[in-house]
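# Structural description and commentary
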Amino acid sequence: MARWTVTFTDKPDMDRVRSDRKRREAHIAFVRSRPELQIGGALAMRPMQDFPGAIWNVEAETRQDVERLILQDPYYVASLRTYKITEWGTASAIQGMFS
């Protein structure tokens, strides 16, 4: 099983999605029901800043599995949120790079 980080970047209109109470509740229920989503949360670059995005750590077999998870999230709106998926290296893979 691989580990992945997903970094979301939101457009300003994403605030409209975040402020929709039913959608927020659906998003929270979705996140809590997915054990492969190990940690996630809003991402701000400095204190008291509106959230320009979010970050997830995911454990999944493939990049496609991670993408499927993203597309099922009630907070994902393609016109308002982009994402970048990065696979984590393992200690043995990183060691091999420096050998």
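None of these values were measured; they are calculated from a predicted model.

### Things to note about helix α2 (residues 21-32)
Given a rise of 1.5 Å per residue, twelve residues ought to cover 16 Å, and the 17 Å separating the end C-alpha atoms of α2 matches this to within 8%. Of the residues flanking the start of α2, the one acting as N-cap is D20, its side-chain oxygen 3.1 Å from the backbone nitrogen of K22.

### Some details on the environment of Q38
Structurally, the position occupied by Q38 is in strand β2 (residues 37-43). With residues up to four places along the chain from it excluded, the contact list for Q38 reads N57 and E59.

### Things to note about the packing of aromatic side chains
Here the structure, examined in full by the defined rule, presents three aromatic pairs. When the ring of F8 is compared with that of W56, the centres are 5.0 Å apart and the planes differ by 75 degrees; the resulting orientation is edge-to-face. Within this pair, whereas F8 is found in strand β1 (residues 2-10), its partner W56 is found in strand β3 (residues 53-60), the two being separated by 48 residues in sequence. An angle of 70 degrees between the planes, with centres 5.8 Å apart, marks the rings of Y76 and Y83 as edge-to-face. For Y76, a relative accessible area of 18% translates into the label buried. Grouping aromatic residues by their ring pairs yields a cluster made of F8, W56, Y76 and Y83. Lying over the aromatic face of F8, R81 brings its terminal NZ or CZ to 4.5 Å of the ring centre.

### Overview of the environment of A29
Within the secondary structure, A29 sits in helix α2. Of the residues examined, A29 reaches a relative accessible area of 47% and is grouped as partly exposed. Residues A29 and D73, spaced 44 residues apart in sequence, show a C-alpha to C-alpha distance of 9.8 Å.

### Thoughts on the pattern of salt bridges
Taken as a whole, this structure holds six salt bridges when the rule is applied. Residue R34 is joined to E36 by a salt bridge in which the shortest nitrogen-to-oxygen separation is 2.7 Å. R34 gets classed as partly exposed once you look at its relative accessible area, which sits at 24%. Put simply, R68 and D65 hold a salt bridge, and the shortest N to O gap is 2.4 Å. Pair noted here: R68 and D65 are both in helix α3 (residues 63-72), with a separation of three residues, about one helical turn. A relative accessible area of 45% places R68 in the partly exposed class. Beyond isolated ion pairs, a larger network of salt bridges with shared partners links D10, R18 and R81.

### As for the nonpolar core
Counting 15 residues, the largest nonpolar core has W4, V6, W56, V58, V66 and I70 as its most contacted members. Broken down by secondary-structure element, the contributors of at least two residues to this core are β1, β3 and α3. With sequence-adjacent residues up to four places away left out, V66 is seen in contact with W4, V6, V58, A60 and I85.

Rules behind the numbers
- Residues numbered from 1 in each chain as written.
- Predicted model: local features only at pLDDT ≥ 70, side-chain atom pairs only at ≥ 80, totals over all residues.
- Heavy atoms only, no water.
- Helix = DSSP H or I, 4+ residues; strand = E, 2+ residues; numbered from the N terminus.
- Expected span 1.5 Å × (residues − 1).
- Polar contact = N/O pair within 3.5 Å; in protein donor to acceptor, adjacent residues only side chain to side chain.
- Contact = heavy atoms within 4.5 Å.
- Phe/Tyr/Trp six-rings, centres within 6.5 Å; stacked < 30°, edge-to-face > 60°.
- Buried < 20%, exposed > 50% of the residue type's maximum accessible area, 1.4 Å probe, protein only.
- Lys NZ or Arg CZ within 6 Å of the ring centre and 35° of its normal.
- Salt bridge = Lys/Arg side-chain N within 4 Å of Asp/Glu carboxyl O.
- Core = buried A, V, L, I, M, F, W, Y, C linked by side-chain atoms within 4.5 Å.

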